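So you can see what is in the structure, the chains are spelled out below.
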Amino acid sequence: MAIETFTWYPRVNAEADVKHRVRKASFGDGYTQVAGDGINPRAQEWNLSFIGTEEYIQPILDFLDRMGGTKSFLWKPPLNPLGFWRCYEYKAVPMGGDNYTLTATFEQAFKP
């Protein structure tokens, strides 16, 4: 089964949250030992917004529903290489006049 690619472009105000998962052990003398947790200790989450007509937004909704939060897809976020992502939730808001806003959160995945 081929992995699909997300090809739509979000608005310019896309935001990334980068988290480094670490393990820490603190000792009585003030010393702290820190190490990365797991083989992928750095993970990203992107908050994206799309604005457009139903003709533009509906294919994005169809894509996200097809992935169903369980299948990963390929996407290239700003300043990062192409990678695997999942979208567990999104929100569509009618703006009137056949215009819609779609917000979605993409979480980095490390395997399809």
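Here the structure is a predicted model, which is why all the values come from computation and not from measurement.

Criteria and thresholds
Residues numbered from 1 in each chain as written. Predicted model: local features only at pLDDT ≥ 70, side-chain atom pairs only at ≥ 80, totals over all residues. Heavy atoms only, no water. Core = buried A, V, L, I, M, F, W, Y, C linked by side-chain atoms within 4.5 Å. Buried < 20%, exposed > 50% of the residue type's maximum accessible area, 1.4 Å probe, protein only. Helix = DSSP H or I, 4+ residues; strand = E, 2+ residues; numbered from the N terminus. Contact = heavy atoms within 4.5 Å. Phe/Tyr/Trp six-rings, centres within 6.5 Å; stacked < 30°, edge-to-face > 60°.

Trainee: Where do I start with the nonpolar core in this structure?
Mentor: Across soluble globular proteins, nonpolar side chains have a tendency to be buried as a group. Ranked by internal contacts, the top residues of the largest apolar core, which has 18 residues, are F6, F50, L64, F73, W75 and F106. At the level of elements, β4 (42-53), α1 (54-67), β5 (73-75), β6 (83-96) and β7 (99-109) are the ones that each hand at least two residues to this core. The element contributing the most residues to this core is α1, with six residues. Ignoring sequence-local partners within four residues, the contact set of F6 consists of F50, I60, F63, L64, F73, L74, W75 and F106.

Trainee: Sorry, what's going on with the environment of N99 here?
Mentor: When you line up the elements, N99 lands in strand β7. Residue class for N99 comes out partly exposed when judged on its relative accessible area of 34%. Beyond its immediate stretch of four places on either side in the chain, N99 contacts G52, T53, V93 and P94.

Trainee: Explanation requested: the packing of aromatic side chains in the structure shown.
Mentor: In this description, an aromatic ring pair is defined by two values, namely the gap between the centres and the angle between the planes. All told, the structure shown has twelve aromatic pairs when counted by the stated rule. Taken together, the ring pairs connect F6, W8, W46, F50, F63, F73, W75, W85 and F106 into an aromatic cluster.

Trainee: Is there a simple way to think about unusual backbone geometry in this case?
Mentor: Glycine aside, residues mostly have negative phi, and peptide bonds are mostly found in the trans state. Of note in this structure, L79 is not a glycine but carries a positive phi near 65°. With respect to the secondary-structure elements, L79 resides in the loop between β5 and β6. The exposed category is assigned to L79, whose relative accessible area is 86%. Within the chain, D98 stands out as a residue other than glycine whose phi angle is a positive 60°. Structurally, the position occupied by D98 is in the loop between β6 and β7.

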